[in-house]
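# Descriptive analysis of the structure
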Amino acid sequence: MAAVSQVGVDDQRAYLELLLRGASPAAACQQLQLDLFVVMEAIAEDEEFRIKVDAVYDALSQNVAARLYQEAMKGSVSAMTQWLKQRPPPEWMALRVEGSEGSGWDALSDEELLARARMEGIAIPVELEGSGETSGGGAASAAVS
């Protein structure tokens, strides 16, 4: 297997391309016949390589966020909830709890989140509207969770 000094630019580029195509670090190393621990050490020692690896993972995360958004727009309440927890509209920032790392969104019930979505004009699936909703969270909460 290769030593740290032998993880050259071509191997780094090939490793990054495999990650972008969805390979795990172990699978990418296996396909390139590189030692996983040698590559991990190269990432730790080579700032430029580390920045590129981080950029690849950022791009992959953006793919997942885009898919989450698509599912939310198709009516998936769980996707809507997750999207709004991670990216609330600017006017909702008043719910941020001062002095905490999180937001007040986690403290809201499903019904409260749905009410906020309605206030913003976000379409709510028919099965969650009307008679299934209870003030205590009953059937609607079960349908959302």
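Bear in mind that the values here come from a model prediction, so they are computed numbers and not experimental data. (Residues numbered from 1 in each chain as written. Predicted model: local features only at pLDDT ≥ 70, side-chain atom pairs only at ≥ 80, totals over all residues. Heavy atoms only, no water.)

## Notes on the pattern of salt bridges
All told, the structure shown has four salt bridges when counted by the stated rule. A salt bridge links Arg 21 to Glu 17, with the nearest nitrogen and oxygen atoms 4.0 Å apart. Looking at Glu 17, the relative accessible area reads 39%, which means it is partly exposed. With a closest N to O distance of 3.1 Å, Glu 71 and Arg 67 form a salt bridge. Here Arg 67 and Glu 71 lie together in helix H4 (residues 47-73), a separation of four residues that amounts to about one turn. The exposure class of Glu 71 is partly exposed, given its relative accessible area of 26%. With relative accessibility at 46%, the residue Arg 67 sits in the partly exposed group. (Salt bridge = Lys/Arg side-chain N within 4 Å of Asp/Glu carboxyl O. Buried < 20%, exposed > 50% of the residue type's maximum accessible area, 1.4 Å probe, protein only. Helix = DSSP H or I, 4+ residues; strand = E, 2+ residues; numbered from the N terminus.)

## Examining the nonpolar core
Grouped together as the largest cluster of nonpolar side chains are 15 residues, with contacts concentrated most on Tyr 15, Val 39, Ile 43, Phe 49 and Val 53. Among all residues touching Ile 43, those that are not within four sequence positions of it are Tyr 15, Phe 49, Arg 50 and Val 53. Listed in part, the five residues of the second largest apolar core include Val 77, Leu 114, Ala 117 and Leu 128. (Core = buried A, V, L, I, M, F, W, Y, C linked by side-chain atoms within 4.5 Å. Contact = heavy atoms within 4.5 Å.)

## Digging into the packing of helix H2 (residues 25-32) against helix H3 (residues 36-45)
For the pair H2 and H3, interaxial distance at closest approach is 9 Å and the crossing angle is 110 degrees. The pairing of H2 with H3 is recorded here as roughly perpendicular in orientation. For the crossing formed where H2 meets H3, the hand is right-handed. Counting all contacts with H2, which are made through Pro 25, Ala 26 and Cys 29, the residues of H3 involved are Leu 36, Val 39 and Met 40. Looking at the contact of H2 with H3 residue by residue, the class counts come to six nonpolar, no polar and no charged. (Axes fitted to C-alpha atoms, helices over the stretch in contact; angles between N-to-C directions. Parallel < 35°, antiparallel > 145°, perpendicular 65-115°, else oblique. Left-handed = near helix turned anticlockwise from the far one by under 90°. Nonpolar A, V, L, I, M, F, W, Y, C, P; charged D, E, K, R; others polar.)

## Some remarks on the confidence of the model for the protein
In the predicted model, the protein carries a mean pLDDT of 81, and 77% of its residues have values of at least 70. Contacts for the low-pLDDT stretch residues 131-145, under 50 throughout, to residues beyond four places or in other chains number 21 contacts. (pLDDT = per-residue confidence, 0-100.)

## Some details on the environment of Leu 18
Positionally, Leu 18 belongs in helix H1 (residues 9-20). Taking relative accessible area as the criterion, Leu 18 reaches 7% and is therefore assigned buried. Separated by ten residues in sequence, Leu 18 and Ala 28 have C-alpha atoms that sit 5.8 Å apart. Residues in contact with Leu 18, not counting those within four places in the same chain, are Ala 23, Ala 28, Gln 31 and Leu 32.

## What to know about unusual backbone geometry
With the exception of glycine, the majority of residues adopt a negative phi angle, and the majority of peptide bonds are in the trans configuration. Of note, Gln 33 is a non-glycine position whose phi angle comes to about 60 degrees, a positive value. The topology assignment puts Gln 33 in the loop between H2 and H3.

## A few points about the packing of aromatic side chains
Inspection of every chain in the model, using the stated rule, returns two aromatic pairs. Judged by centre distance (6.0 Å) and plane angle (70 degrees), the ring pair of Tyr 15 and Phe 49 falls under edge-to-face. Here Tyr 15 is found in helix H1, whereas its partner Phe 49 is found in helix H4, with 34 residues between them in sequence. The two residues Tyr 15 and Phe 49 agree in class, both being buried. Between Tyr 69 and Trp 83, the aromatic rings sit 5.2 Å apart at their centres with planes inclined by 55 degrees, giving tilted as the arrangement. (Phe/Tyr/Trp six-rings, centres within 6.5 Å; stacked < 30°, edge-to-face > 60°.)

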